[in-house]
Amino acid sequence: MKTVSENRAFGGVQGVYSHASEVCGCDMTFGLFLPEEAKFTPVPVLWYLSGLTCTHENAMTKAGAQAWAAEAGIALVFPDTSPRGDDIANDEAYDLGQGAGFYVNATQDPWAPHFKMWDYIATELPALIGENFAVDMDRQSITGHSMGGHGALTLAMNLPGRFVSVSAFAPIANPTESDWGRKQLGAYLGDDTAAWAKHDATLLMAEKGFDGPVLIDQGADDQFLELLKPEALAQAMMAKRQEGAFRMQKGYDHSYFFVSSFMEDHVDFHAEALHGA
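Model, not experiment: these values are computed from the prediction. (Residues numbered from 1 in each chain as written. Predicted model: local features only at pLDDT ≥ 70, side-chain atom pairs only at ≥ 80, totals over all residues. Heavy atoms only, no water.)

J.: Can you explain the pairing of strand β1 (residues 2–9)? Please cite residues and give values.
T.: Here seven bridges tie β1 to strand β2 (residues 12–21), and the two strands are oriented antiparallel to one another. By the bridge assignment for β2, Arg8 is matched with Val13. Here β1 hands over to β2 after two residues, with Phe10 in that stretch at a positive phi of 50°. (Pairing = 2+ DSSP bridges. Helix = DSSP H or I, 4+ residues; strand = E, 2+ residues; numbered from the N terminus.)

Okay, here's the thing in structure tokens:
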């Protein structure tokens, strides 16, 4: 693992690190914020998964999460959204290929050799961080925006016991019924739609739910509402009697202005769960 940069922030350290990923077969980069408490004791971890076109850097620099994480004494992990490199498959469209890994393990060519973002987020990166930094991997929560909200919800519901809480900002909530989903799941996983189900938060919520609190924030003026399909997830949460809240935020769109406006709420939500775990 290589240190790309480390900067003092809110009494802690915002670092950027790169490493050779065996899972993805290329170098991967991630951001990690450690609060001051990490100098003395392992701290809980909140994962933030970013959306389409993003890298590790978007939320790290735009979401304003470090101030609230420092106050709460928790670490923040900002992974990249896909493998990258000249020899990595890509697509001219912004919503497929590099920057659009969709948090799945691709089984179809040309994506299969490198696009293993599920295993990267679920297995390889947690092990790397746990071995090298002062974090308590027995206390983890997860959040994300858009495609990252999709990833956060599907990982949380597919990995029972891993995360004590989950939240999302404007998640791609029902990808098997959306053009933000059918395109990517078909390309990465093939035409067998049965393989798509574990990557649809609405279907997972209806089937199993989440054993812990859930917080969803959705901008009511989001320009991508027809693609996100938030109403499907809201209905599934209600039918499942899921512990949590689904909030429509009047006047807000899909941007990081929306994310940063409610980031304090989400960090506080996870901090309460993490420190109570």
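J.: Lay out the packing of helix α3 (residues 117–132) against helix α4 (residues 147–158) with the relevant residues and their values.
T.: Following both chains from N to C, one finds α3 and α4 inclined at 60°, their axes separated by 12 Å at the closest point. It follows from the interaxial angle that α3 and α4 lie oblique. As α3 packs across α4, the resulting crossing turns out to be right-handed. For the pair α3 and α4, contact is made by Trp118, Ile121 and Ala122 and by Thr154, Leu155 and Asn158, respectively. (Axes fitted to C-alpha atoms, helices over the stretch in contact; angles between N-to-C directions. Parallel < 35°, antiparallel > 145°, perpendicular 65-115°, else oblique. Left-handed = near helix turned anticlockwise from the far one by under 90°. Contact = heavy atoms within 4.5 Å.)

J.: An account of the nonpolar core is needed here, citing residue identities and associated values.
T.: Among the nonpolar cores identified, the biggest contains 88 residues, and Phe30, Ile142, Leu153, Leu155 and Tyr188 are the most heavily contacted of them. When near neighbours in sequence (up to four residues on either side) are disregarded, Leu153 contacts Val166, Ala168, Pro171, Ala201, Val214, Ile216 and Leu233. (Core = buried A, V, L, I, M, F, W, Y, C linked by side-chain atoms within 4.5 Å. Buried < 20%, exposed > 50% of the residue type's maximum accessible area, 1.4 Å probe, protein only.)

J.: For the pattern of salt bridges, give the residues involved together with the corresponding values.
T.: Counting across every chain of the model gives six salt bridges. Salt-bridge contacts for Arg139 lead to Asp136; the nearest nitrogen and oxygen are separated by 2.8 Å. In this structure, Asp217 and Arg247 form a salt bridge, with 2.7 Å as the shortest nitrogen-oxygen distance. You can see Asp217 sitting in strand β8 (residues 214–219) and its partner Arg247 sitting in strand β9 (residues 244–249), a full 30 residues away along the chain. (Salt bridge = Lys/Arg side-chain N within 4 Å of Asp/Glu carboxyl O.)

J.: So what's going on with the packing of aromatic side chains? Residues and values would help.
T.: By convention here, two paired aromatic rings are described through the distance between centres and the angle between planes. For the coordinates displayed, the defined rule picks out eleven aromatic pairs. Taken together, a centroid distance of 6.2 Å and an interplanar angle of 50° make the contact between Tyr48 and Phe78 tilted. Taken together, the residues span a long stretch of sequence, with Tyr48 in strand β4 (residues 43–49) and Phe78 in strand β5 (residues 75–79) at a distance of 30 residues. Looking at Phe78, the relative accessible area reads 1%, which means it is buried. Arranged with centres 4.8 Å apart and planes meeting at 40°, the rings of Trp180 and Phe224 form a pair that is tilted. Taken together, the residues Trp180 in helix α5 (residues 179–189) and Phe224 in the loop between β8 and α7 (225–228) connect sequence positions 44 residues apart. Among the aromatic residues, ring-to-ring pairing joins Phe169, Tyr252, Phe258 and Phe262 into one connected group. Residue placement shows Lys198 over the ring face of Trp118; its charged tip is 4.7 Å from the ring centre. (Phe/Tyr/Trp six-rings, centres within 6.5 Å; stacked < 30°, edge-to-face > 60°. Lys NZ or Arg CZ within 6 Å of the ring centre and 35° of its normal.)

J.: With reference to specific residues and values, describe the sheet that holds β4.
T.: Read across the open sheet, the nine strands follow the order β1-β2-β3-β5-β4-β6-β7-β8-β9; overall the sheet is mixed. For this open sheet the edge positions go to β1 and β9, each flanked by a neighbour on one side alone. Taking each pair of neighbouring strands and ignoring which way they run, the sheet shows an average axis angle of 20°. Relative to strand β7 (residues 163–169), strand β6 (residues 135–144) runs parallel, the two being bridged by two bridges. Each bridged residue has a counterpart across the sheet, and for Gln140 the counterpart in β7 is Phe163. On top of the sheet, α3 reaches β2, β3 (26–34), β4, β5 and β6; it is set at about 120° to β2, its chief contact. In the packing of helix α9 (residues 256–276) onto the sheet, contacts are made with β4, β6, β7, β8 and β9, and the angle to β7 comes to roughly 170°.

Shape descriptors only; they carry no functional weight alone.
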